[in-house]
Amino acid sequence: DVKVTQSSRYLVKRTGEKVFLECVQDMDHENMFWYRQDPGLGLRLIYFSYDVKMKEKGDIPEGYSVSREKKERFSLILESASTNQTSMYLCASSLLVRVSGNTIYFGEGSWLTVV
Amino acid sequence: AQTVTQSQPEMSVQEAETVTLSCTYDTSESDYYLFWYKQPPSRQMILVIRQEAYKQQNATENRFSVNFQKAAKSFSLKISDSQLGDAAMYFCAYKSQGGKLIFGQGTELSVKP
């Protein structure tokens, strides 16, 4: 069964802490994505990666960075967490090349609270 | 840059009736994918239906169908014979050829018994 796994479901961090959110997929997908979901704003793209060590900014990259050292793992980093980064973070992955269906797989989400 | 807009934050439908959720997008690309995803309270994203832009025929999946108007950049979802289990947040999404995937703001659908 294909899977996208987000290692932490619920986190509580203090303002100023460095936070790592990890996402692992077992489908050899080139594309990986990080979103945050907030009421009324939908899913907003933070960063995405189309290959190892390759990344592109999404719509709201400020305050975040990412790391993709291995194909299966895409990490989201909050260098200095702030209260306005309290949110649900969602990871997704898909194949890069155009294939029939182009299915996207999602993790279960990570709820981050910054206090 | 591509954008996706869902102008209906909330919609309501009577059980067994039909409802249409709206979605518009902006892009300069000619080939791309469009999706509708359902997100129940569990927050797990569930694919409802997908449309490839080069296909003129509207996609259909059982009670779910789309009205894809490429020139107007419109991609609405019609749910027929609505069921209580259809109640959820619905997201419209755009995927470019380069792989970038963006979502709309979502529409919260409630189904009245």
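First things first, this report covers the structure right here in the doc.

### Here's the deal with the overall build of chain B
Piece 1. Of regular secondary structure, chain B possesses 0 helices and 12 strands.
Piece 2. Each helix (α) and strand (β) of chain B, taken in turn from the N terminus, gives the series β-β-β-β-β-β-β-β-β-β-β-β.
Piece 3. Projected onto the principal axes, the alpha-carbon positions of chain B cover approximately 40 × 25 × 20 Å.
Piece 4. Entry remark: accessible area of chain B is about 5,300 Å², with carbon and sulfur atoms responsible for 45%.

### Observations concerning the interface of chain B and chain A
How big an interface is tends to be expressed through the accessible area that disappears when the partners come together.
Piece 1. Counting residues at the interface gives 22 residues for chain B and 26 residues for chain A.
Piece 2. Summed over both partners, the interface of chain B with chain A comes to about 2,100 Å²; 52% of that surface belongs to carbon and sulfur atoms.
Piece 3. It is Arg43(B), Lys100(B) and Leu101(B) that lose the most area in chain B upon contact with chain A, and together they represent 25% of the buried surface on that side.
Piece 4. Across the contact surface, chain B and chain A share 0 salt bridges.
Piece 5. Counting across the chain B and chain A interface gives 5 residue pairs in polar contact (both at pLDDT 80 or more).

### Here we look at the layout of surface pockets
Piece 1. The calculated volume of the largest pocket comes to roughly 330 Å³.
Piece 2. Residue lining of the largest pocket: 20 residues in total, with Gln37(A), Pro39(A), Gly40(A), Met89(B) and Glu108(B) positioned closest to the centre.
Piece 3. Elements that contribute at least two residues to the lining of the largest pocket include exactly β4 (31-38) of chain A together with β10 (88-96) of chain B.
Piece 4. Per element, the largest residue contribution to the lining of the largest pocket is 3 residues, and it comes from β10(B).

### A few points about the sheet that holds strand β8 (residues 73-78) of chain A
All names here are of chain A.
Piece 1. Strands sit in the order β1-β3-β8-β7 across an open sheet of 4 strands; the sheet is antiparallel. Each end of this open sheet is capped by a strand with a single partner; those strands are β1 (4-6) and β7 (65-70). Averaged over neighbouring strand pairs, the angle between their axes works out to 20 degrees when direction is ignored.
Piece 2. By the bridge criterion, 6 bridges tie strand β3 (residues 19-25) to β8 in an arrangement that is antiparallel. Its bridge partner being in β8, valine 19 is matched across the sheet by leucine 78.

### Quick word on the pattern of salt bridges
Piece 1. A full pass over the atoms with the stated rule returns 10 salt bridges over all chains.
Piece 2. For the salt bridge of Lys18(A) with Glu79(A), the shortest nitrogen-to-oxygen distance reads 3.5 Å. Highlighted residues: Lys18(A) in the loop between β2 (10-13) and β3 and Glu79(A) in the loop between β8 and β9 (87-94), separated in sequence by 61 residues.
Piece 3. Residue Lys18(A) is classed as partly exposed on the basis of its relative accessible area of 44%.
Piece 4. A residue is classified by how much of its surface remains accessible, and Glu79(A), at 42% relative accessible area, is partly exposed.
Piece 5. Of the charged contacts in the structure, one is a salt bridge between Lys73(B) and Asp26(B), with a shortest N-O distance of 3.6 Å. Taken as a pair, Lys73(B) in the loop between β8 (64-69) and β9 (74-79) and Asp26(B) in strand β4 (residues 24-26) lie far apart in primary sequence, 47 residues in all.
Piece 6. The network of salt bridges with common partners includes Arg36(A), Asp38(A) and Arg44(A).

What counts as what
- Residues numbered from 1 in each chain as written.
- Chains lettered and ligands numbered in written order.
- Predicted model: local features only at pLDDT ≥ 70, side-chain atom pairs only at ≥ 80, totals over all residues.
- Heavy atoms only, no water.
- Helix = DSSP H or I, 4+ residues; strand = E, 2+ residues; numbered from the N terminus.
- Areas by Shrake-Rupley, 256 points an atom, 1.4 Å probe, with all protein chains shown as cover.
- Contact = heavy atoms within 4.5 Å.
- Buried area = accessible area lost by both parts, 1.4 Å probe.
- Salt bridge = Lys/Arg side-chain N within 4 Å of Asp/Glu carboxyl O.
- Polar contact = N/O pair within 3.5 Å; in protein donor to acceptor, adjacent residues only side chain to side chain.
- 1 Å grid on protein atoms, 1.4 Å probe; cavity = no way out; pocket = protein on both sides within 12 Å on 5 of 7 lines; lining within 4 Å.
- Points joined across faces, edges and corners; volume = space filled by probe spheres on them.
- Pairing = 2+ DSSP bridges.
- Axes fitted to C-alpha atoms, helices over the stretch in contact; angles between N-to-C directions.
- Buried < 20%, exposed > 50% of the residue type's maximum accessible area, 1.4 Å probe, protein only.

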